[in-house]
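Analysis of the macromolecular model
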Amino acid sequence: MSYFAAAVVRDDGGGWTAAEVNLRGAVDVDGVADRLRDVDPNADLSLLFVEAEDEYLVILRLDEGEDLRVFGSDSAYAEETRLGALLVGDLKASVTGLDEIEEPGASDSDSGSEQPAADPEADPVGDADLLADLGVSGSRLIALCGHEGMLPADVTAEACTVLGCADEVEELREV
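Now for a look at the structure at hand. (Residues numbered from 1 in each chain as written. Predicted model: local features only at pLDDT ≥ 70, side-chain atom pairs only at ≥ 80, totals over all residues. Heavy atoms only, no water.)

Quick word on the pattern of salt bridges
Going through the model one piece at a time under the given rule, you end up with eight salt bridges. For the salt bridge of Arg140 with Glu158, the shortest nitrogen-to-oxygen distance reads 3.7 Å. With a gap of 18 residues between them, Arg140 in helix α4 (residues 138-146) and Glu158 in helix α5 (residues 152-163) connect regions that are remote in the sequence. The exposure class of Arg140 is partly exposed, given its relative accessible area of 42%. (Salt bridge = Lys/Arg side-chain N within 4 Å of Asp/Glu carboxyl O. Helix = DSSP H or I, 4+ residues; strand = E, 2+ residues; numbered from the N terminus. Buried < 20%, exposed > 50% of the residue type's maximum accessible area, 1.4 Å probe, protein only.)

So this is what it looks like as structure tokens:
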């Protein structure tokens, strides 16, 4: 299974740097986090966007090189590949941030737990709120991942546009 792994790191001044990360040979998610740290050991914020086979997206976040947080667009990725298993295999079946998703116009009733325009087959896992303080709420991230026709590259582009690092990631794709 092919993948694209783009790290974006923010320094103290708020600037972004992007680098492609090779995940071959990684044995666990901590090893992947080490590769993310290696991009810039002094970064105050490091993100890794892993897109696989136009189906799956995994986002890893490190704050000041610590506190690893992970979000996966679909738990099925863990069952399909070794890389998927090491990235999202240990995540709980629930997603933080999922309870806040409501259909437009939904009342406070139980109907607020459904995801509008989402893929009913998708089973997001991990911390959907890992980009919330950067402008992409958990509910928005889940909606983007589940929106019909959205590829992982599209979700990455949308999130990176909000974060202010879309040009850096796009340059990696062109290489």
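Past the structure itself, the notes keep going.
A look at the packing of aromatic side chains
Centre-to-centre distance and the angle between the planes together describe a pair of aromatic rings. For the coordinates displayed, the defined rule picks out one aromatic pair. Note on Tyr56 and Tyr77: the rings are 4.9 Å apart at their centroids and 20 degrees apart in plane angle, and the pair reads as stacked. Here the residue Tyr56 occupies a position in strand β4 (residues 56-63), and Tyr77 occupies one in helix α2 (residues 76-80), the gap between them amounting to 21 residues. Taking the relative accessible area as the measure of exposure, Tyr56 reaches 4% and is therefore buried. With relative accessibility at 1%, the residue Tyr77 sits in the buried group. (Phe/Tyr/Trp six-rings, centres within 6.5 Å; stacked < 30°, edge-to-face > 60°.)

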